[in-house]
Amino acid sequence: MTAGNKFLVGVFDDDDVLLKAVTKVRESGIRIHECYTPFPVHGLGDALGYKRSKLPIAAFMFGMLGTSLALLMQFYMMDIDWPMIIGGKNYSSIPTFFPVTFELTVLLSALGMVGVFMIISDLRPYGKAKVFDLRATDDKFIMAIDLAKNSISIDEIKQTLEGAGAIEVNEKRGQ
Amino acid sequence: MEVTSAVRKPLVTGGKTVHDVTVDVCRRVEEKPTITWFLAVAASLGLLTVGFYAVFRTLWDGIGMWGLNKTIGWAWDITNFVWWVGIGHAGTLISAILLLFRQRWRMSINRAAEAMTIFAVISAAMFPVLHMGRPWLGAYWNLPLPNTFGSLWVNFNSPLLWDVFAISTYFTVSLVFWYIGLIPDFATIRDRAQGIISRTVYGALSFGWNGSARTWERYEAVALILAGLCTPLVLSVHTIVSFDFATSVIPGWHTTIFPPYFVAGAIFSGFAMVLTLMLITRKVYKLEDYITINHIEMMNIIIIVTGSVVGVAYITELFMAWYSGVEYEQYAFLNRATGPYWWAYWTMMTCNVISPQLFWIKKIRTSIVATFILSIIVNIGMWFERFVIIVTSLHRDYLPSSWAMFQPTIYDLGVYIFTIGLFFTFFFMFAKFFPVINMAEVKSIIKATSEKAPVVQETGTTTLPEEEMAPTASKN
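Residues numbered from 1 in each chain as written. Chains lettered and ligands numbered in written order. Predicted model: local features only at pLDDT ≥ 70, side-chain atom pairs only at ≥ 80, totals over all residues.

(A) A look at the overall build of chain A. When you go through chain A residue by residue, the secondary structure sums to 5 helices and 4 strands. Relative to the globule expectation of 16 Å for 175 residues, the C-alpha radius of gyration of chain A, 25 Å, shows a markedly less compact shape. For chain A, the C-alpha atoms occupy an extent of roughly 80 × 30 × 30 Å along the three principal directions. Here chain A, with 175 residues, has 44% of them falling under the buried criterion. Long-range pairs, those at least 24 residues apart, make up 80% of the contacts in chain A with a sequence separation of at least 6. (Helix = DSSP H or I, 4+ residues; strand = E, 2+ residues; numbered from the N terminus. Rg over C-alpha atoms; globule rule 2.2 N^0.38 Å. Buried ≥ 20, exposed ≤ 12 C-beta atoms within 10 Å, placed from the backbone. Contact = placed C-beta atoms within 7 Å.)

So, in structure tokens, the structure goes:
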């Protein structure tokens, strides 16, 4: 968040109203900084013009890494480093490597994806929450507009927000 | 967007608004703990302490303190392990598989069920860890670590090793899934917090969450993929636990039916434990509007289905023993039903096969008292199932001269009590300090399913004209 900038913060009390307001506000040429909602509002990302998350790709890559590492580890240990005959079978028998390979695929995929999610979303223990309105985690839907990035006058933006159904419009400084 | 049928029963009753959800759930975290809570925690800490003596003696004197003998090398320890792991299956099933199937009734119960999963897996892990005798050396036996023997590695052909990977992966991924879901709710508590301590603690736990649209978008992607990963994972865990038995050559264990049979049994016992805990939590925390009779009925239906699968598995085992023509296999099952452990076998049959069938009667499956009693009966039955599989198969195998009986000692009992105390201590701590209901998810369905939904739109709290609203459109 752009610290110190002046923001206009529109407060909405319904997710459907917010969703329509986002489209309306964007159509009138105002750039929205971000919206804050107490629960995921479907279609909000599209309305704001966000691209689809690439996290599934991260999950797949980490999963493949898990598969490869698991297979490499098992073949190296059972076949190359210390080959042993167990139950008269081959040194390395692929079917018995399946469970560990599967588990490590899932483990690395999950941990890797969640790690990427935390980093790109700036989520970490003791991370400071940059909150415009404390009610955004309760029952209000917040739309923040960075005044420095918009050339339209404050009053006009205010009017647009109110016209779109905002119950309050406040001026706040970014943290 | 999807459209919800008007005939569908509301998932949240009592005309709750989004703000009511916040208040109803956060209030439990914010208010001073009640006397009931202190008594409950004291009781479970009491069990923990009593049980700890048995754990201490097991570690100090060795597992000779248990009732194992050279015929029965596995008994209560693995019975309790499988029982706990099975209980730990409902949480991830509810949050992952029901998410993929878009079953929205999961939303009120998934948080507590996942917590239960995690605590049950911790309790389960106590048994293999203690059975190692010297668990501080356990890392060398369990993990592929280089060691002083010129790196004599662990055996990747062994199902016991697969179990190590399966259980630890399951625990880690379930914990991550649970925690990701908790972050937005911790943020809600943080933003309402009055005291400096709660603001700092929940501030630290909420990871700086502010509910931005971009983060929610990613959060949803993460939740969906984690659900996709957890679905095969939850099925793999009990499959691998069943391999511990199925890959051996003991009569009664060496069967290919074990994986599906164990998974069904795990879901069966897991839902029973969820019901036991949720019925109490619901009553004490007055969450009747969130966990409705409808929810209880849904869970009871899952109990009928999985209980019937388990029943069919028992009968299939008997049939296969006869049909295989293997004398040892036939004797193993004859001995289970009519041998010295007949009482355990028939307890199992009554509790697991007959009692859940009572849920076919609507009056019973919508009765809270009946559900509570039956949920406990099912858990007793599932404990006996594992006892029957393990002890009755081992105590009389191929060599009649080494036949023996198993006599548990107070240390067997003590370690079991220890894990029960551990489980309930964790659960009560969770119930006090964590949001017991997933607020963010419940809020997202409140408009579409709450009884009050049409009222809100009629009184016109929003400024949009009515034709622009989508009254039946819901989010999910």
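Past the structure itself, the notes keep going.
(B) Representation of the overall build of chain B. Looking only at helices and strands, chain B features 18 helices and 2 strands. At 24 Å, chain B has a C-alpha radius of gyration in line with the 23 Å of a compact globule built from 476 residues. When the backbone C-alpha atoms are referred to their principal axes, chain B occupies close to 85 × 50 × 45 Å. Counting the 476 residues in chain B, one finds 50% classified as buried. Relative to all contacts within chain B whose residues are 6 or more apart in sequence, the contacts with residues 24 or more apart total 82%.

(C) Representation of unusual backbone geometry. One non-glycine residue with positive phi stands out, namely Asp122 of chain A, at about 60°. Structurally, Asp122 of chain A can be placed in the loop between α4 (94–120) and β3 (141–146). Of note in the backbone geometry, Phe207 of chain B takes a positive phi value of approximately 60° without being a glycine. Among the structural elements, Phe207 of chain B can be located in the loop between α8 (196–205) and α9 (213–246). On the basis of neighbour count, Phe207 of chain B is assigned to the buried category, with 22 C-beta atoms found within 10 Å.

(D) Seen up close, the packing of helix α11 (residues 293–324) of chain B against helix α12 (residues 327–338) of chain B. All names here are of chain B. Packing of α11 against α12 leaves a shortest axis separation of 7 Å and a crossing angle of 145°. In the packing of α11 onto α12, the handedness of the crossing is left-handed. Residues Glu317, Leu318, Ala321, Trp322 and Ser324 of α11 form the contact with α12, whose own contacting residues are Glu329, Gln330, Ala332 and Phe333. For the contact of α11 with α12, the per-class residue count stands at 5 nonpolar, 2 polar and 2 charged. (Axes fitted to C-alpha atoms, helices over the stretch in contact; angles between N-to-C directions. Left-handed = near helix turned anticlockwise from the far one by under 90°. Nonpolar A, V, L, I, M, F, W, Y, C, P; charged D, E, K, R; others polar.)

(E) Local environment of the sheet that holds strand β4 (residues 168–173) of chain A. All names here are of chain A. Strand order in the open sheet formed by 4 strands is β2-β3-β1-β4, and the pairing between neighbours is antiparallel. Each edge of the sheet is formed by a strand with only one pairing partner; in this case those strands are β2 (34–36) and β4. With strand direction ignored, the average angle separating the axes of adjacent strands in the sheet is 25°. Alignment of β2 against β3, held across 3 bridges, turns out to be antiparallel. Bridging across to β3, Glu34 finds its partner in Ala144. Across the face of the sheet, helix α1 (residues 15–27) comes into contact with β1 (6–12), β2 and β3 while running at roughly 25° to β3. Contacting β1, β3 and β4, helix α5 (residues 154–163) runs over the sheet at an angle of about 15° to β1. (Pairing = 2+ DSSP bridges.)

(F) Expanded view of the environment of Arg28 of chain B. Residue and element names in this part refer to chain B. Note on placement: Arg28 falls in helix α1 (residues 18–30). Separated by 408 residues in the primary sequence, Arg28 and Val436 place their C-alpha atoms 8.7 Å from one another. Beyond its immediate stretch of four places on either side in the chain, Arg28 contacts Tyr285 and Val436.

(G) Expanded view of the nonpolar core. Residues Val22 and Cys35 of chain A together with Val274 of chain B are the most contacted members of the largest nonpolar core, which totals 189 residues. Broken down by element, this core gets its largest block of residues, 16 residues, from α9 of chain B. Excluding residues that lie within four positions of it along the chain, Val274 of chain B makes contacts with Ala90, Ile109, Ala113, Met116 and Met299 of chain B. (Core = buried A, V, L, I, M, F, W, Y, C linked by C-beta atoms within 7 Å.)

(H) Up close: the interface of chain B and chain A. Of the residues lining the interface, 58 residues belong to chain B; the matching set on chain A comes to 63 residues. Taken together, the elements giving at least two residues each to the side of chain B that touches chain A come down to α1, α7 (159–192), α9 and α17 (439–449) of chain B. The greatest single-element share of the side of chain B that touches chain A, amounting to 16 residues, is contributed by α9 of chain B. Its residues placed into classes, the side of chain B that touches chain A shows 31 nonpolar, 19 polar and 8 charged.

(I) Spatial organisation of the pairing of β3 of chain A. Residues and elements named next belong to chain A. The element β3 is largely enclosed, with a buried count of 5 among its 6 residues. Pairing geometry for β1 and β3, over 6 bridges, is antiparallel. Along β3, the bridge assignment pairs Val9 with Ala144.

(J) Geometry of the pairing of β1 of chain A. Residue and element names in this part refer to chain A. Counting buried positions over the 7 residues of β1 gives 5, a clear majority of the element. Taken together, the 6 bridges between β1 and β4 define a ladder with antiparallel strand orientation. Residue pairing in the sheet places Phe7 in a bridge with Lys172 of β4.

(K) Broad picture of α11 of chain B. Residues and elements named next belong to chain B. With 32 residues, α11 should cover 46 Å at 1.5 Å per step; its first-to-last C-alpha distance of 45 Å lies within 8% of that length. Buried within α11 we find Ile296, Met299, Asn300, Ile302, Ile303, Thr306, Gly307, Val310, Ala313, Tyr314, Glu317 and Ala321. Looking one or two residues beyond α11, the residue adopting positive phi is Gly325, at roughly 75°. (Expected span 1.5 Å × (residues − 1).)

(L) Structural view of the packing of helix α5 (residues 110–131) of chain B against helix α10 (residues 258–284) of chain B. All names here are of chain B. Contact geometry for α5 and α10: axes closest at 10 Å, N-to-C directions at 125°. Looking at the two axes, α5 sits oblique to α10. The hand of the α5/α10 crossing is right-handed. Contacts between α5 and α10 pair Ala112, Ala113 and Met116 from the former with Met273, Val274, Leu277, Met278 and Thr281 from the latter. Split into classes, the residues belonging to the contact of α5 with α10 amount to 7 nonpolar, 1 polar and no charged. (Parallel < 35°, antiparallel > 145°, perpendicular 65-115°, else oblique.)

(M) Up close: the environment of Asn352 of chain B. Relative to the helices and strands, Asn352 of chain B resides in helix α13 (residues 342–354). Beyond its immediate sequence surroundings of up to four residues, Asn352 of chain B is in contact with Gly307, Val310, Gly311, Val378, Gly381, Met382 and Glu385 of chain B.

(N) Geometry of the environment of Gly63 of chain A. Residues and elements named next belong to chain A. If you trace the backbone, Gly63 turns up in helix α3 (residues 55–81). Since 21 C-beta atoms lie within 10 Å of it, Gly63 is described here as buried. Linking Gly63 and Leu104, residues 41 residues apart in sequence, is a C-alpha distance of 8.0 Å. The contacts of Gly63, once residues within four sequence positions are left out, are Thr105, Leu108 and Ser109.

(O) Main features of α9 of chain B. All names here are of chain B. With 34 residues, α9 extends 49 Å between its outermost C-alpha atoms, agreeing within 8% with the 50 Å of an ideal straight helix rising 1.5 Å per residue. If you look at α9, its biggest bend is around 25°, right at Cys230, and the proline Pro232 turns up within four residues after that. Most of α9 sits out of view: 24 of its 34 residues are buried. (Bend = angle between axes of the 7 residues up to and from the residue.)

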